[in-house]
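Reading the structure
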Amino acid sequence: MAASNRYGALCAAELCATYVPPGGGILVRGEIGWLTYCPDDDPALGPRRFSANPDERDHEPMIAFLLARLDEEEATAGAAGIIHWRHWPARSQRVVDDHDELVVACPLRDVADQIATWGPMSAVANIEARRMVLDLYEQAALGPARDAFRQAVQALVMTYRDHVDYDISWTLRQRP
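These lines cover the structure that appears in this document, whether it is placed above or below. In this text, all values refer to a predicted model and were calculated from it rather than measured experimentally.

This brings us to the overall build of the protein. Along its length, the protein carries four helices and seven strands. The burial tally for the protein puts 34% of its 176 residues in the buried class. In the protein, 47% of the contacts between residues at least 6 apart in sequence involve partners at least 24 apart. Accessible area of the protein: about 10900 Å², with a carbon and sulfur share of 57%.

Here is the structure:
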């Protein structure tokens, strides 16, 4: 199976104007990034398999655990609003949003840098990237590639090793 799109898009097949809703179709890596195809895409592209909505698929426990943590993070980022945070004035200790409203004033510029860098938009982009890794792992055929994806997923899961539901068997290596 292949990863499904998360946002909805027009089919990338030539001469096809079908809208593919979120969770439908298939993503295929193209020259300019990930392309979405509908079930009626160009037959010259070959047979396609369509993944189910990731929320409706059965997941192994490690994947389900990570998806739950990502959902929690996304809800937190969404509560702040999907807006860009930046320094104002530039390189200052003040972080403002797109409406020039003060988000936080920090005593140290390094702290303000961290907050500006990991604002809501960056957090959501990071969450989507980790979800794509999960999709790629679940869709990979058995073999060395899937084993490598599994280790990548284990590395992602390890960030939550202090969570009460974390399974120690998911750990790649112990803390120093």
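Moving on, there is more to tell.
Core analysis: the largest hydrophobic core is formed by 15 residues, its most contacted members being Leu66, Leu134, Val153 and Val157. Among the elements of the structure, helix H1 (61–79), helix H3 (120–139) and helix H4 (144–157) are those that each provide at least two residues to this core. With six residues, H1 is the largest single contributor of residues to this core. Among all residues touching valine 153, those that are not within four sequence positions of it are Met62, Ile63, Leu66, Val133, Leu134 and Tyr137. Counting six residues, the second largest nonpolar core, distinct from the first, contains Ile83, Trp85, Ala112 and Ala116.

Below, the discussion takes up H3. Taking 1.5 Å of rise per residue, the 20 residues of H3 would be expected to cover 28 Å, and the 29 Å separating its terminal C-alpha atoms lies within 8% of that figure. Residues of H3 that are buried: Pro120, Val124, Ile127, Glu128, Arg130, Arg131, Met132, Leu134, Asp135, Tyr137 and Gln139.

As a further point, take the pairing of strand E7 (residues 102–105). Across three bridges, strand E6 (residues 94–96) lies against E7 in antiparallel orientation. Paired with valine 95 across the bridge in E7 is valine 104. The antiparallel hairpin formed by E6 and E7 contains five residues in its connecting segment, where aspartate 100 sits at a positive phi of about 60°.

This part is about the packing of aromatic side chains. Tallied over the entire structure, the rule returns four aromatic pairs. Aromatic pair phenylalanine 65 and tryptophan 170: ring centres 5.1 Å apart, planes at 45°, arrangement tilted. One end of the pair, phenylalanine 65, is in helix H1; the other, tryptophan 170, is in the segment after H4, with 105 residues separating them in the sequence. Centroid distance tyrosine 166 to tryptophan 170: 5.5 Å. Interplanar angle 85°. Geometry classified as edge-to-face. You'll find tyrosine 166 and tryptophan 170 in the same group, each marked buried. Three or more aromatic residues link up through ring pairs in this structure, and these residues are Phe65, Tyr160, Tyr166 and Trp170.

Two side chains with opposite charge may pair up if their charged atoms get near one another. Scanning the entire structure with this criterion turns up seven salt bridges. With a closest N to O distance of 2.7 Å, glutamate 60 and arginine 150 form a salt bridge. Of this pair, glutamate 60 sits in the loop between strand E4 (33–37) and H1 while arginine 150 sits in helix H4, and the two are 90 residues apart along the sequence. Here glutamate 60 falls in the partly exposed class, since its relative accessible area comes to 28%. Its relative accessible area of 29% is what places arginine 150 among the partly exposed residues. Arginine 131 serves as the salt-bridge partner of glutamate 128, at 3.1 Å between the closest nitrogen and oxygen. Linking glutamate 128 with arginine 131, this pair stays in helix H3, spanning three residues, or about one helical turn. In this pair, the class of glutamate 128 matches that of arginine 131, namely buried. Counted as one network, the salt bridges with shared partners bring together Asp71, Glu74, Glu128 and Arg131.

Calculation rules
Residues numbered from 1 in each chain as written. Predicted model: local features only at pLDDT ≥ 70, side-chain atom pairs only at ≥ 80, totals over all residues. Heavy atoms only, no water. Helix = DSSP H or I, 4+ residues; strand = E, 2+ residues; numbered from the N terminus. Buried < 20%, exposed > 50% of the residue type's maximum accessible area, 1.4 Å probe, protein only. Contact = heavy atoms within 4.5 Å. Areas by Shrake-Rupley, 256 points an atom, 1.4 Å probe, with all protein chains shown as cover. Core = buried A, V, L, I, M, F, W, Y, C linked by side-chain atoms within 4.5 Å. Expected span 1.5 Å × (residues − 1). Pairing = 2+ DSSP bridges. Phe/Tyr/Trp six-rings, centres within 6.5 Å; stacked < 30°, edge-to-face > 60°. Salt bridge = Lys/Arg side-chain N within 4 Å of Asp/Glu carboxyl O.

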